[in-house]
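Inside the fold
One letter stands for each residue in the lines below.
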There are 2 protein chains.
Amino acid sequence: MRPVLHCALTALALLFFVDAATAADDVPLPPLSIASQGSFFVGGRDVSSSTLSSVPRHVPVGTITVDQMYVHYEIPVDAGNRYPLTLIHGCCQTGKTWETTPDGRMGWDEYFLRKGYPVYVVDQAARGRSAFDPSSINAAKTGKMKPGDLPLVFSAGHEAAWSVFRFGPKYPDVFPGMQFPLEAQDEFWKQMVPDWSEALPTPNPTVPDLSLLAQRLNGTILISHSQSGIYPFQAATIDTQGIEGIVALEPGECPDAHRDMRVFAKIPILVLFGDNIKGSPRWAPRLKQCRAFVHAANIGGINAELILLPEVGIPGNSHMMMQDKNNLQVADWMLDWIGKHVGERK
Amino acid sequence: MRPVLHCALTALALLFFVDAATAADDVPLPPLSIASQGSFFVGGRDVSSSTLSSVPRHVPVGTITVDQMYVHYEIPVDAGNRYPLTLIHGCCQTGKTWETTPDGRMGWDEYFLRKGYPVYVVDQAARGRSAFDPSSINAAKTGKMKPGDLPLVFSAGHEAAWSVFRFGPKYPDVFPGMQFPLEAQDEFWKQMVPDWSEALPTPNPTVPDLSLLAQRLNGTILISHSQSGIYPFQAATIDTQGIEGIVALEPGECPDAHRDMRVFAKIPILVLFGDNIKGSPRWAPRLKQCRAFVHAANIGGINAELILLPEVGIPGNSHMMMQDKNNLQVADWMLDWIGKHVGERK
């Protein structure tokens, strides 16, 4: 990054720090004024199965609906022409990612509302309030399927997640200046759920669901995290309609640098990483791959930017920047980027 | 029911119908004024496992946290001294049960807010945003456990759920005057998720979690549905602290009529059923069992009441009364009962 720009961004970051710090004061916040709120599903398909149940009093034969994506939304009264923000969680998590932090501070979902943005929080397909298909478990249990054909499912253990979330180099060591509220880690571990994504088709059904959501909203900024990092790009490749911007927070994967970039011609793109990436076996290669994408995109004339938070004067962030102690400072920086690069509905 | 009381209640129901109908008008509702909102978990325990993952790049050995219960809450500015309402979904569902109806009308979660009640919506342990333990799936997949020992898990198929939810006597027939918005059934089926409750210990971990929640809130009215019908009674048996009232909506089970009732001495109890119970192989026996409980509780001096909605002039309700077309009418009747029998915080 050029030194002058770096300096300007650092000054800007300090300004935002004051903003975020004010919100974190002990003074009670004013009430939220919500024009409307609710929830719905997008996508989904019917599946017939003869192994829906291994419980005797429940019928095993029938139809269920899977691959739909749960969406919860709140729209503030002062939304004006701001585009809705769609928040897409990562591996082993649900929409809880964006809510109250483990140590009880305000999550990004509410902060964005207070900044006047409509907020849409999803549970990825086959996760949380979005149903998965249990047929194979019952098929294996009742001998109708080889157990080796059971779906790939995993939970991230605390110990292994520690370095992936970059709380420290290895469990239980902590990086100096770590912003994650590790004193509340017990509450954080409760947010983790089993992940069926490896058992799902490619692209993940969440991708067409996000495309449907963007079309339904007639314009939204897709904000992905980690595992879901690639999904907004894949959704735009299905159909750009309604996708007004992409913010990929520490994406597990960026689009290939050699792909056709034209689909992103009208979509401002921000790829944002936290601190302590260098030396992380999991994240250093991903940063490199994303740098290659952004570089190639820029050559193709795309408005894409990759930022490491320490470059703009915000050090110490973990992979869970939306829950870190300075989460509102990071949010302010991101909203400023959105204001400058995406703007409002015309 | 005595005719005079019946008549009075019918008149009351008509009054409430006007109230609910007003809210359902096309006139835009005033903004919601929310003093605070957020989410957290109660309960949970750490489990060590060597089969957390069958995905090569995810470590199989480690610790996960399970049995916790996800809780999302909103508190209106005009809550006054009203007790929070805790909404506990039933089989094969999540907290979505209480949100926007399948045909896009207001759910009970928002309606109660608009009536001035703090609202707490949970996902039962091992469901939705509350993690289940996938270790046994990976143990079976990798040959470390017999497939026959896989957990009991089931999804309710549309066809079998039809009569259980009493949309009609059998799929796809419909009861006359049915209040469920069957034109939006596709959206309803998307709410259904797999159910691990049969694989969990007794009592379900949701029960001690509800007890912890009631204590944390220092007073709440537990409103259960169907599968969770018995949970508030079980929670009160662990500890009555914080449980100010119990509303069991079409409980799958009531407490045994022969049990010691003294634990319920200070807890007003409402057991509420919809229409078309008679002749339902699933629900007629449950109604009978609940009648026996309420009768025995009354003999023991307990303030318990069992009501069928048609008895109070509200016909046509399915098992999903919180989503039926007259859901706000049912809500009004229930809030009136709460106002009379539980009252407000002293």
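Treat the numbers as computed from the prediction; the structure is a model and nothing was measured.

Reading guide: rules and limits
- Each residue is numbered by its place in its chain's sequence as written, counting from 1.
- Here every chain gets a letter starting at A, and every ligand a number starting at 1, in the order they are written.
- In keeping with the predicted nature of the model, local features appear solely for residues at pLDDT of at least 70, side-chain atom pairs appear and are counted solely at 80 or more, and the whole-chain, interface and lining totals rest on all residues.
- Hydrogens and water molecules were not included; the side-chain quantities draw on all heavy atoms of the structure.
- Take the buried Ala, Val, Leu, Ile, Met, Phe, Trp, Tyr and Cys residues and link them wherever side-chain atoms come within 4.5 Å; each set so joined is a nonpolar core.
- Here's how the labels work: a residue is buried when its accessible area is under 20% of the maximum for its type, exposed when over 50%, partly exposed in between, all with a 1.4 Å probe on protein chains only.
- Only heavy atoms enter the contact rule, under which two residues are in contact if any of them lie within 4.5 Å.
- The helix and strand labels rest on DSSP assignments: H or I over at least four residues marks a helix, E over at least two residues marks a strand, and numbering proceeds from the N terminus.
- Each residue after the first adds 1.5 Å to the expected span of a helix.
- Salt bridges are defined by distance alone: a side-chain nitrogen of Lys or Arg within 4 Å of a carboxyl oxygen of Asp or Glu.
- Each pair of strands is called paired provided DSSP finds at least two bridges between the two strands.

Attention shifts here to the nonpolar core. I338 of chain A together with I338 of chain B are the most contacted members of the largest nonpolar core, which totals 104 residues. Each residue touching I338 of chain B, except ones within four places of it in the same chain, is listed here: L85, Y117, I221, I223, V247 and G343 of chain B. Among the nonpolar cores identified, the runner-up in size contains 42 residues, and I88, L222, A236 and V294 of chain A belong to it.

All right, on to helix α9 (residues 327-341) of chain A then. Residues and elements named next belong to chain A. The end-to-end C-alpha separation of α9 is 21 Å, in line with the 21 Å expected for 15 residues at 1.5 Å each. Counting buried positions over the 15 residues of α9 gives 12, a clear majority of the element. If you check which residues of α9 are buried, you get N327, L328, Q329, V330, A331, D332, W333, M334, L335, D336, W337 and I338. Positive phi shows up at G343, right after α9, with a value of about 75°.

Going through the model one piece at a time under the given rule, you end up with 26 salt bridges over all chains. In this structure, D336 of chain B engages K340 of chain B in a salt bridge whose closest nitrogen and oxygen atoms are separated by 2.8 Å. Separated by four residues within a single helix, D336 of chain B and K340 of chain B lie in helix α9 (residues 327-341), roughly one turn from each other. Exposure remark for D336 of chain B: the relative accessible area of 18% places this residue in the buried category. With relative accessibility at 53%, the residue K340 of chain B sits in the exposed group. If you follow the salt bridges from partner to partner, you end up with E99 and D123 of chain A together with R129 of chain B in one network.

To continue, consider the pairing of strand β1 (residues 32-42) of chain B. The buried count for β1 of chain B comes to eight of 11 residues, which makes it a mostly enclosed element. Bridge count for strand β1 (residues 32-42) of chain A against β1 of chain B is three bridges, and the pairing is antiparallel. Its bridge partner being in β1 of chain B, I34 of chain A is matched across the sheet by L32 of chain B. Two elements, β1 of chain B and strand β4 (residues 69-76) of chain B, share eight bridges in a ladder whose sense is antiparallel. When the sheet's bridge partners are listed, S39 of chain B is paired in β4 of chain B with H72 of chain B.

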